[in-house]
Amino acid sequence: MTQTALAETRTAEQGMAAHARAWLDANLPDALREDRPSTRRNTVAELCDWEAKLHRAGLVGATWPKEYGGGGLGLRAHLDISREIGRTPMPESVNSIGKELAGPIIMAVGRPEQKAEYLPAILEMRDIWCQGFSEPNAGSDLAGLRTRAVQTADGWVVNGQKIWTSGASKSRRCLLLARTGPVEDRHRGLVLFALRTDTPGVDIREIQSIDGERSFCEVFLNNVVIPEEDMLGSPDEGWAAATRVLSIERATNRMHRAWRFENQLNHLVSACLSDPATRHLAESTYRRALAEVSVNIELLKGHVETLVGSLIDGQEIGPRGSLPKLFWSEAHQGFARLALEIVSQFPVEASDTLRVARKRMEDIYLKSRAETIYAGTTEIQLDIISKRILQLKRKA
Amino acid sequence: MTTDTELNPEDFVETARAVTTACAEAAGLPERMDLLAEAGLTGILAPEAVGGMDLPLGFAVPVLRAAGGGFLAAPLLECMLLARAFAGVDDALASAIVSGEMPVTVAWSGMLGGTSGVVGRAPLAEACARVLVLGADEGGVLVTPGEGAMVETESTLDLERPEARVRVTAASGPELSADAVARLRADALVLRAALILGAAEDCLSRAADYAQERVQFGRPLSANQSIQHHLARDCLAVETIRNNIHRSLSPECAVPAAAARATFVGAATLGARVAESAIQVHGGMGFTWEVPLHRHLRMIKALAAQGGAADLIEAVAADLLANAA
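Residues numbered from 1 in each chain as written. Chains lettered and ligands numbered in written order. Predicted model: local features only at pLDDT ≥ 70, side-chain atom pairs only at ≥ 80, totals over all residues. Heavy atoms only, no water.

Things to note about the overall build of chain A
- In terms of regular secondary structure, chain A is built from 12 helices and eight strands.
- In terms of C-alpha radius of gyration, chain A reaches 22 Å, essentially the compact-globule figure of 21 Å for 396 residues.
- Projected onto the principal axes, the alpha-carbon positions of chain A cover approximately 75 × 55 × 50 Å.
- Burial statistics for chain A: of 396 residues in total, 53% are counted as buried.
- Within chain A, counting contacts between residues at least 6 apart in sequence, those at least 24 apart form 73% of the total.
- Accessible surface, chain A: about 17,400 Å² in total, of which carbon and sulfur atoms supply 50%.
- Positive and negative side-chain charges of chain A, numbering 51 and 52 respectively, have mean locations separated by a distance of 3 Å. (Helix = DSSP H or I, 4+ residues; strand = E, 2+ residues; numbered from the N terminus. Rg over C-alpha atoms; globule rule 2.2 N^0.38 Å. Buried < 20%, exposed > 50% of the residue type's maximum accessible area, 1.4 Å probe, protein only. Contact = heavy atoms within 4.5 Å. Areas by Shrake-Rupley, 256 points an atom, 1.4 Å probe, with all protein chains shown as cover. Lys, Arg positive; Asp, Glu negative; His and termini not counted. Charge placed at Lys NZ, Arg CZ, Asp CG, Glu CD.)

What about the overall build of chain B?
- Along its length, chain B carries 10 helices and nine strands.
- For 325 residues, the compact-globule estimate of 2.2 N^0.38 gives 20 Å, and chain B sits close to it at 20 Å.
- Oriented by its inertia axes, the alpha-carbon framework of chain B measures out at about 65 × 55 × 45 Å.
- Expressed as a percentage of contacts within chain B between residues at least 6 apart in sequence, the contacts between residues at least 24 apart total 69%.
- Entry remark: accessible area of chain B is about 13,000 Å², with carbon and sulfur atoms responsible for 52%.

A short note on the domain arrangement of chain B
Residues and elements named next belong to chain B.
- Domain boundaries assigned for chain B yield domain 1 (1-102), domain 2 (104-176) and domain 3 (180-319).
- Distance from the C-alpha centre of domain 1 to the C-alpha centre of domain 2: 21 Å.
- At the interface, 17 residues of domain 1 touch 17 residues of domain 2.
- Roughly 1,400 Å² is buried in total at the junction of domain 1 and domain 2, and carbon and sulfur atoms are behind 76% of that figure.
- Seen at the junction of domain 1 and domain 2, the total is one salt bridge.
- The shortest N-O distance in the salt bridge between Glu78 and Arg161 comes to 3.0 Å.
- Our count for the contact surface shared by domain 1 and domain 2 stands at three residue pairs in polar contact (both at pLDDT 80 or more).
- Taken together, the elements giving at least two residues each to the side of domain 1 that touches domain 2 come down to α4 (76-86) and α5 (91-98). (Domains from an automatic or database assignment. Buried area = accessible area lost by both parts, 1.4 Å probe. Salt bridge = Lys/Arg side-chain N within 4 Å of Asp/Glu carboxyl O. Polar contact = N/O pair within 3.5 Å; in protein donor to acceptor, adjacent residues only side chain to side chain.)

As for the nonpolar core
- Ranked by size, the top nonpolar core spans 149 residues in total, and within it Leu290 of chain A together with Leu82 of chain B carry the most contacts.
- For Leu82 of chain B, the residues in contact, after removing those within four places along its chain, are Ile97, Val104, Thr105, Val106, Leu132, Leu142, Leu176 and Leu184 of chain B.
- Membership of the second largest hydrophobic core comes to 50 residues, among which are Leu24, Tyr68, Val109 and Ala194 of chain A. (Core = buried A, V, L, I, M, F, W, Y, C linked by side-chain atoms within 4.5 Å.)

A few points about the domain arrangement of chain A
- Structurally, chain A comprises domain 1 (3-91), domain 2 (129-234) and domain 3 (256-389).
- A separation of 31 Å is found between the C-alpha centroids of domain 1 of chain A and domain 2 of chain A.

With respect to the packing of aromatic side chains
Residues and elements named next belong to chain A.
- In this structure the tally under the stated criterion is six aromatic pairs over all chains.
- Ring geometry for Trp156 and Phe193: centres 5.7 Å apart, planes at 65°, overall edge-to-face. Of this pair, Trp156 sits in strand β3 (residues 155-166) while Phe193 sits in strand β5 (residues 190-196), and the two are 37 residues apart along the sequence.
- Between Phe261 and Phe335 the ring centres are 5.4 Å apart and the planes differ by 50°, which places this aromatic pair in the tilted class. With Phe261 in helix α7 (residues 257-273) and Phe335 in helix α10 (residues 322-343), this residue pair connects regions lying 74 residues apart in the sequence. Both residues of the pair, Phe261 and Phe335, count as buried. (Phe/Tyr/Trp six-rings, centres within 6.5 Å; stacked < 30°, edge-to-face > 60°.)

A closer look at the sheet that holds strand β3 (residues 130-134) of chain B
Residues and elements named next belong to chain B.
- If you trace the four strands from one edge of the open sheet to the other, you get β1-β3-β4-β7, paired in mixed fashion. Every other strand in the sheet has two partners, leaving β1 (104-106) and β7 (175-176) as the edge strands with one partner each.
- Bridging between strand β4 (residues 140-143) and β7 involves two bridges; their strand directions are antiparallel. Bridge pairing in β7 places Gly140 opposite Leu176. (Pairing = 2+ DSSP bridges.)

Some details on the side chain of Gln333 of chain A
All names here are of chain A.
- Examined against the element boundaries, Gln333 turns out to sit in helix α10.
- For Gln333, a relative accessible area of 6% puts it in the buried group.
- When near neighbours in sequence (up to four residues on either side) are disregarded, Gln333 contacts Ser368, Arg369, Glu371 and Thr372.

Things to note about the interface of chain B and chain A
- Contact residues are listed per partner, giving 39 residues for chain B and 41 residues for chain A.
- Carbon and sulfur atoms supply 66% of the area buried between chain B and chain A, which totals about 3,500 Å² over both sides.
- Note that Glu252 of chain B and Arg76 of chain A form a salt bridge whose closest N and O atoms lie 3.7 Å from each other.
- Put simply, chain B and chain A have 13 residue pairs in polar contact (both at pLDDT 80 or more) between them.
- Residue classes in the side of chain B that touches chain A are distributed as 21 nonpolar, 12 polar and six charged. (Nonpolar A, V, L, I, M, F, W, Y, C, P; charged D, E, K, R; others polar.)

Examining the pairing of strand β4 (residues 173-179) of chain A
Residues and elements named next belong to chain A.
- Buried residues dominate β4, accounting for seven of its seven residues.
- Where burial is concerned, the two faces of β4 agree: the one with Arg173, Leu175, Leu177 and Arg179 and the one with Cys174, Leu176 and Ala178 are both buried.
- Here four bridges tie strand β1 (residues 129-132) to β4, and the two strands are oriented parallel to one another. Within the sheet, the bridge partner assigned to Gln131 lies in β4 and is Leu175.
- As paired elements, β4 and β5 share seven bridges and run antiparallel to each other. Bridge assignment links Arg179 to a residue of β5, and that residue is Leu190.

Right under this line is the structure:
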C-alpha cells in the first residue's frame, strides 16, 4: 500500500467509531432493541435485513477486502466498530459463522471464483452459513470425526452425521469437515467443503436447547454428492489453513462481547434504580458484587485490546486465544448468575422496565450455560493453556 | 519528555533483574539505593535536569516487575514517583532522590487534619530520610522524621518493605500540589500492578517447576489434570494482569483512568490468588517460612492495602450507579 493509501485508510479508520455510534443510534429499530418490550420474536428475514443494512453502513466486514464487499480497513477499525456494536443492545448476528469463520477460511484457501461467489453473499446476507464440524463422537476431539468423503467421477460422496450445528435450519451453506481416509488417520486426510444445505441427502433436524430456542441442529448426510468446485482447498491443506484461522478467530470473534457485557450490566443496574422497591438491590445489597463485575469487564477489555494490538503488530496469537475465551465465558456466567438472583427479587407487579430487564437477564442466564461449552469447553481451554503455554510435563 | 525512540521498556529488564539480584546481597538500604541509582532506576521517570532519564511510565513497569519478582527491599516505586514529582518544585531534593542519597517513601494511608495527625502504610519509613504525608487539602508534605514527625513501628505483613506509621505534630517540608499528588497516586496504581505482576510470575514459575519436579505415585504432580488446570488458571490470572497493565498505558486506551483502577484492583485480587495457589501446589512445603511464596503473598496484600483496593471497588460501584441512573 502506498503512503497516501495508508494515510487514507487510517483516516477512514479513525472516523469509524463516531460513524458507527451515530448510525446505530439513528437506525436500530425499537423492535430489535433488547432493552425494550417486545410482543413477538423477530423473524430470520427481519434479522437478515438488519444485518444487510449494517453491512451497507460499513459496520460489517470492515477488515475484508473491498473487492469482496468489505471495508478494506484494519483491525483497529474493527475494534472501534465492535465497541459501538457492543454498546448497542441489538440481537447477535444470525450469520456469525459466515462472517467470522467461513469467510476468513475462504479468504485463506478459496479459489478466486469461490471467493467471488461466497464472500459478498455472506456480507449481503444472501447466504447464511453454519459450521459442520462436531459429531456425536467428535466434539472437543475433532480428530475423531467419522463423516467420510469419497471422491467419485460425479464429485465427492459424503456420508455421516453432524451435531450442535448452530443455525443449520436457516442456513444456505454449511462449512463441512469430513475425512477422506479411516478414522485412525486422526488429523490427516481432513477435507473442507462449502456444502449447500438444500443438496439431496442432507437431512436437518432441530434440537431444542435449555432456553427453549431451536438454534442448533443435527445434520444427517446420506450419499450427499458435493461437486468438486465446492471443496475448500485440497484435502489436508484446507484443514491446516482452517486451524490457523481458528486460532486467530478464537481471539477475535465477537469482539464486541466485552462492551455488550457492559451494556447488560448497565441495563440491570438502571432497571434496579428505576423503581423505589428495587433501588436497594443495586445501591446496597449487591453493590460490591456489581462493582466486581464492572472490574471484570474492564479486565476483559484489557485482554481483547491487547490481543488486537498484538495482531496489528503481526504477532502470532496461537494458544493465547484461549485466554480471553476462558476469562470471558466464566466472568459472564458469574454475571448471569448474579443478574438472575437480582431480578428474581423484582416485585410481582413490576413496571415494564423491570419486566424487560427480568426477561433479558433470565435469557442471558440460560444462554450463558453454553458459553463454557461451545468453542472449546473450559476444560479444553485449560488443557491448551497448561500444555501449550505452560508446556507442563505430563509423564514421569 | 524524551522522544528517543531507540529506547524500549524491555531494554531495562536485564538491568533491573541484575540490580535486584545484587540488592539481595547488599548490606542495607543505603547500599541498595546506591545500586539502584547507579543503574539509573531511581531516576527513570525524573527529568534530565535532576539527573533522571525522563522516560514515560511504561519504562518503570519492567523495572518494578523485576523488583516484585526478586524481593527488592527498597522503596523504588516511591522514589521513582517522588523524584519526578519534586523536580521543578525542589530540584536539589529531586536530584538527591535520583542519586540514591535520599531514600524517600510515602504514607499511603490516611491524611493529616491541618498540620498534624497520624498516617500509615509507609513502606520502609524507618529506614527512609523523608516521608510524604498527605493532607486534607489533597496536597502532600515531605516531612523529615525527628522534625515535627515521628516514625513508629507497626505490625506489618510485608517483610521486604515493612510498613510504619508516622505521627505528625507539625508538618513542614517541601510540598506537592493536589494535582501532583493526584498524578502520583494514579501512576502508583499501574506501578503497584507491575510489582504484583512480577511477584505473581515468580509464584507461577516456582509452582510450575515444583509440580514438574515433585514425583508422587510414580509420576510428577504435573501429570495430574487437577494440578494442570490449577496452574492454567494461574497463568490466565498472570496474563490478565499483564494485558491490563499494557492496556492502561496504551495510547489507544480511551479510558486510561478506569483501566488503571481496574488493573490495580484486578492485580490485587488475581495476584494474591496466584500466590495462594502456588502455596497450595507446594503442599506442606508451601506453608514453610523457607519457601519464599509467603513473602510474595505478604507483599501483594500490603500493596493492595497501600493502594486502597477496597475503596477503589467502592468507587467503581459509585461510578456504575451514577452512569446507570
